[in-house]
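What follows is each chain in one-letter form.
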Amino acid sequence: CDTEWGGEDMTVSAEKSYEIQDSGVLTFPEGFVWGAATAAYQIEGAAREDGRGPSIWDTFSRTPGKVHAGHTGDVACDHYHRYPDDVRIMRDLGLAAYRFSVSWPRVQPDGSGPANPRGLDFYDRLVDELRENGITPIVTLYHWDLPQTLEDRGGWTNRETAERFAEYAAITHARLGDRVETWTTLNEPWCSAFLGYASGIHAPGRAEPALGFTAAHHLLLGHGLAVQALRASGAGKVGITLNLSPVISDDAEAAAIVDGLQNRIFLDPVLRGEYPADVVEHARRFTDWSFVRDGDLEIISRPTDLLGVNYYHPQTVAARAGEPANPVYPGSEGIAFGGADAPRTAMGWPVQPFGLTDLLLRLARDYPGTPLLITENGAAFDDVVEDGEVHDVGRLSYLDGHLRAAHAAIQGGADLRGYLVWSLLDNFEWAEGYRKRFGIVHVDYGTQRRTPKDSALWYSEVVRRNGL
Ligand SMILES: N=[N+]=NCCCCNC(=O)[C@@H]1[C@H]2[C@H](O)[C@@H](O)[C@H](O)[C@@H](CO)[C@@H]12
């Protein structure tokens, strides 16, 4: 397959510069970090407990038609109360690290002003429980649960939200920074901006293409201001997590547009201190970019210590006259999405592990010097509990293939430091509600019983061996 990159000459030759070892024993580098990831709104529940304020996802999930079957995060996996059991499961699996997000509306119910001590107390308890069980906490500060009060003032289309975010970062680090060394500011600003503001698919459900670009900029500005605040507060490692997809296409122009809107619109500001010229030009029909102020790009590109990479699948695109724009890619008229010739997960996403190798090698080539951490990779499949076991062969195979792909990238020179599987637990899968299961541990939402799936038992062995 041809993997085309947009912008300057980034075409990856059809001839692979690597081989994915699809059998035999693979060993990862000494010290490679193995773990799992979750997010607050998806697992915690306790939506109104101990002073937590409403987030845009509390509002969105209560808006008829937005989330499957009207599911909400009110209870989720009840992790707020069951976290000791969940930490014990991680310990028993031998995980070294756990990536979780802090709920901004727990810490500041209205998104600004004094901290809610009971909200911070929960994360104190969680961090202490993790460390007592030999598990390194990795904190995401923002995983989509913006306090509703801030959305009422424009949310990420309002520049002031970026400033509030930096204040929240400082408050959270002040409480947890003595025990948490690794911080990421944002999870997937592409989703927040283009699912939340450009297309309405996610909270807050606004659907104006121009707002996607405004929100993307203010999210990036919030990242930069938070990095400054974290550094001032003495933070250890700081980074951002991006969902990145290599683009597969026979049409270089279509590939460049999608690569720009998905990948380079975030990678270039953060790692190069500039917006890609082709993306700026492409977006001019929607925005005059006047929301960018002098000095913003210097703030956004403050040096970071790691890039969190969330990879699920490549984007396969083709030029097709008359094709309407995909709402999550403003200005993508004439570009057809999908069409990968590959097995699918329960999300309909193609299973193409080579895309992870291509992505990691591209990052190493085009954005050298930034250590990489796979902060999410995983798959949804329709699981069934049989006699207390879940034989999730599809997920196990997906994970095996992607770990082999990651290993190939390391062999090819990528500075990959670790892998965090998405997700530890089945959880609230945003607009899909609870009908899509990504966990390596099954959750019976009626009883809250946790059942490690075959993939969890297999992953535990991978961790023990530091390899396949
Ligand atoms: N149109 N459309 N949609 C495209 C969706 C973009 C890809 N989705 C992600 O990357 C999200 C990431 C998120 O961090 C996590 O909270 C989610 O649970 C996982 C699984 O969905 C992934």
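Remember, predicted model here, so these are calculated numbers, not experimental data. (Residues numbered from 1 in each chain as written. Predicted model: local features only at pLDDT ≥ 70, side-chain atom pairs only at ≥ 80, totals over all residues. Heavy atoms only, no water.)

Enquirer: So what exactly am I meant to see when it comes to the state of the cysteines here?
Expert: Each disulfide consists of a covalent bond between the sulfur atoms of two cysteine residues. The full count for this structure, using the stated rule, is zero disulfides. C77 carries a free sulfur, and the closest cysteine sulfur to it, the one in C191, is 19 Å from it. Relative accessible area serves as the criterion here: at 7%, C191 is assigned to the buried category. (Disulfide = S-S within 2.5 Å. Buried < 20%, exposed > 50% of the residue type's maximum accessible area, 1.4 Å probe, protein only.)

Enquirer: Explain the packing of aromatic side chains to me, please; I cannot follow it from the model alone.
Expert: Each aromatic ring pair is specified by the distance between its two centres and by the angle formed by the two planes. Applying the stated criterion across every chain, the model contains 40 aromatic pairs. Ring geometry for W156 against F165: centres 6.0 Å apart, planes inclined by 70°, an arrangement best described as edge-to-face. The two residues W156 and F165 agree in class, both being buried. Three or more aromatic residues link up through ring pairs in this structure, and these residues are W190, F194, F213, Y275, F286, W289, F291, Y329 and F337. (Phe/Tyr/Trp six-rings, centres within 6.5 Å; stacked < 30°, edge-to-face > 60°.)

Enquirer: Help me out: how do you make sense of the site of the ligand in this one?
Expert: Not every one of the 16 residues close to the ligand is listed here, only the nearest: Q42, H143, E188, E376 and E429. Contact between the ligand and W422: an oxygen atom at 3.2 Å from a side-chain N or O atom of the residue. Contacts to the ligand include E429, whose side-chain N or O atom sits 2.7 Å from an oxygen atom. Contact with the protein chains removes 82% of the 510 Å² of surface that the ligand exposes when unbound. (Near = heavy atom within 4 Å. Polar contact = N/O pair within 3.5 Å; in protein donor to acceptor, adjacent residues only side chain to side chain. Areas by Shrake-Rupley, 256 points an atom, 1.4 Å probe, with all protein chains shown as cover.)

Enquirer: Explanation requested: the sheet that holds strand β2 (residues 33–37) in the structure shown.
Expert: In sheet architecture, strand pairing relies on hydrogen bonds along the backbone and comes in two forms, parallel and antiparallel. Pairing is parallel around the closed barrel formed by eight strands, whose spatial order is β2-β3-β4-β5-β6-β8-β11-β12. Averaged over all neighbouring strand pairs, the angle between strand axes comes to 25°, with direction disregarded. Across two bridges, the pairing between strand β11 (residues 372–376) and strand β12 (residues 416–422) is parallel. Residue pairing for β12: I374 is matched across the bridge by Y419. Here helix α5 (residues 117–132) sits on the sheet and contacts β3 (97–101) and β4 (136–142); the angle it forms with β3, its principal contact strand, is near 170°. (Pairing = 2+ DSSP bridges. Helix = DSSP H or I, 4+ residues; strand = E, 2+ residues; numbered from the N terminus. Axes fitted to C-alpha atoms, helices over the stretch in contact; angles between N-to-C directions. Contact = heavy atoms within 4.5 Å.)

Enquirer: I tried to follow empty space enclosed by the protein on my own but got confused; where do I start?
Expert: It is the rolling of a water-molecule-sized probe over the atoms that shows where space remains empty. Using the criterion set out here, one finds four cavities of 30 Å³ or more in the structure. Roughly 60 Å³ of volume is contained in the largest cavity. Looking at the largest cavity, the residues that line it are I56, W57, Y142, W144, W156, C191, S192, Y197, H202, A203 and P204. Elements represented by at least two residues in the lining of the largest cavity include exactly α2 (56–61) and α8 (189–195). Around the second largest cavity, the lining residues are A40, Y41, E44, G45, A47, R52, G73, S103, R106 and D145. Of the residues in the lining of the second largest cavity, the class split is three nonpolar, three polar and four charged. (1 Å grid on protein atoms, 1.4 Å probe; cavity = no way out; pocket = protein on both sides within 12 Å on 5 of 7 lines; lining within 4 Å. Points joined across faces, edges and corners; volume = space filled by probe spheres on them. Nonpolar A, V, L, I, M, F, W, Y, C, P; charged D, E, K, R; others polar.)

Enquirer: Looking at this structure, how should I read the layout of surface pockets?
Expert: Each pocket or cavity is described by its volume, and for the largest pocket that value is around 920 Å³. Lining the largest pocket are 42 residues, and of these W190, L195, H313, Q315 and W349 lie nearest its centre. The set of elements that each furnish at least two residues to the lining of the largest pocket consists of α8 and β9 (315–319). Here the lining of the largest pocket gets three residues from one element, more than from any other, and that element is α8. The class makeup of the residues in the lining of the largest pocket is 21 nonpolar, 15 polar and six charged. Its boundaries defined by the atoms lining it, the second largest pocket holds a volume of some 290 Å³. Taken together, 14 residues form the lining of the second largest pocket, with V33, I138, T182, K237 and L373 sitting closest to its centre. Among the secondary structure elements, those contributing two or more residues to the lining of the second largest pocket are β4 and β11. Here the residues of the lining of the second largest pocket sort into eight nonpolar, two polar and four charged.

Enquirer: Explanation requested: the confidence of the model for the protein in the structure shown.
Expert: Should pLDDT be low for a region, the predicted coordinates there are not to be read in detail. For the protein, per-residue confidence averages 96 on the pLDDT scale, and 96% of positions sit at 70 or higher. In this model, residues 1–15 is a region of pLDDT below 50 whose contacts with residues beyond four sequence positions or in other chains number 43 contacts. Our summary of model confidence lists the complex with pTM equal to 0.97 and ipTM equal to 0.97. (pLDDT = per-residue confidence, 0-100.)

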